[in-house]
Amino acid sequence: MAEDLKYIIESLLFVSETPLTMDHLKGIIEGEDTHVIRSAIDELMAEYEQRDGGFVLKQVAGGYQFRTQGRYNAWIKRLIKPNAPRLSRAALETLAIIAYNQPIIRSDVEHIRGVDSGGVIRMLMERKLIRVLGRKEIPGRPLIYATTKHFLEVFELKDLKDLPTPKEIEELSRSRIEDEPEIDGFETEGETKTIDAQEDDAP
């Protein structure tokens with residue numbers, strides 16, 4: 001298997017709809033050490049970067065995933081003809097507040113924004129960009145919100161430590177998402193990503 005390992009991993013990454021983590025790969029490729037698998041992935045990443053073709057292999061949301069090159073965005077959009085709803089400025093603002101202050105409750109989000117944010121939070125939940133962690137043990141036991149793994153995928157972040165500065169968050173929402181039309185997600189400024197609905201409350 002050793003000589004075919006790189007291509008086995010390549011085939012798994014090709015068919016996977018979500019980023020594959022190292023643990024996931026180790027569970028599929030039994031008997032191979034982590035450093036051997038990681039070395040094979042590094043070789044693949046270097047090969048695709050050197051090739052500089054239509055797509056590359058990147059580390060995203062704690063895993064690895066093929067992503068298209070942003071410079072070919074216009075042609076990809078002609079093929080898939082996106083029709084997803086856009087994120088408003090209010091939604092981007094709310095998402096940034098949650099991302100940088102998580103875990104956070106709705107009243108704290110509204111205190112920062114200065115307006116009611118219930119509808120925006122519900123929409124971000126439906127698009128799987130935020131999730132409920134539980135309830136805060138204060139009067140009323142309000143829901144606690146945080147970002148999701150899908151949020152990391154959409155913004156091409158390895159983890160929350162890679163969050164951009166607050167000044168960069170809007171630029172990322174407009175440019176990076178447009179660079180990745182192959183990922184299921186959402187549309188902000190003309191880019192396609194389709195997200196399934198999700199409950200906006202916790203049991």
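This text goes with the structure placed above it.
Here's what I pulled together on the structure shown here.

Criteria and cut-off values
Residues numbered from 1 in each chain as written. Predicted model: local features only at pLDDT ≥ 70, side-chain atom pairs only at ≥ 80, totals over all residues. Heavy atoms only, no water. Core = buried A, V, L, I, M, F, W, Y, C linked by side-chain atoms within 4.5 Å. Buried < 20%, exposed > 50% of the residue type's maximum accessible area, 1.4 Å probe, protein only. Helix = DSSP H or I, 4+ residues; strand = E, 2+ residues; numbered from the N terminus. Pairing = 2+ DSSP bridges. Contact = heavy atoms within 4.5 Å. Axes fitted to C-alpha atoms, helices over the stretch in contact; angles between N-to-C directions. Arc of directions from axis to C-beta.

1. Section: the nonpolar core
1) Next: In terms of nonpolar packing, the biggest core is built from 27 residues, with L87, L95, L124, I130, Y145 and F151 touching the most fellow members.
2) Next: Secondary structure elements with two or more residues in this core: α5 (89–101), α7 (118–126), β5 (130–135), β6 (143–147) and α8 (149–154).
3) Next: The element best represented in this core is α5, accounting for six residues.
4) Next: I9, L25, I37 and F66 belong to the second largest nonpolar core, which has 16 residues in total.

2. As for the pairing of strand β3 (residues 63–68)
1) Next: When you tally the buried positions in β3, you get six out of six residues, the bulk of the element.
2) Next: Of the two faces of β3, the one holding G63, Q65 and R67 and the one holding Y64, F66 and T68 are both buried throughout.
3) Next: When strand β1 (residues 20–21) meets β3, the two strands line up antiparallel, connected through two bridges. Note that in β3 the partner of L20 across the bridge is Y64.
4) Next: In terms of strand pairing, strand β2 (residues 55–60) meets β3 through six bridges, oriented antiparallel. Pairing of F55 across the sheet is with T68, part of β3.

3. As for the sheet that holds strand β4 (residues 104–105)
1) Next: Strand order in the open sheet made by the three strands is β4-β6-β5, with antiparallel pairing throughout. Each having just a single partner strand, β4 and β5 make up the two edges of the open sheet.
2) Next: Strands in contact with α5 are β4, β5 and β6; relative to β6, the strand with the most contacts, it is inclined by about 95°.

4. Concerning helix α6 (residues 106–113)
An α-helical turn contains 3.6 residues, so a residue and the one three or four places further along point in the same direction.
1) Next: If you check which residues of α6 are buried, you get V109, E110 and R113. Viewed along the axis of α6, the buried residues span an arc of 95°, placing them on a single side of the element.
2) Next: G114 lies just past α6 and shows a positive phi near 85°.

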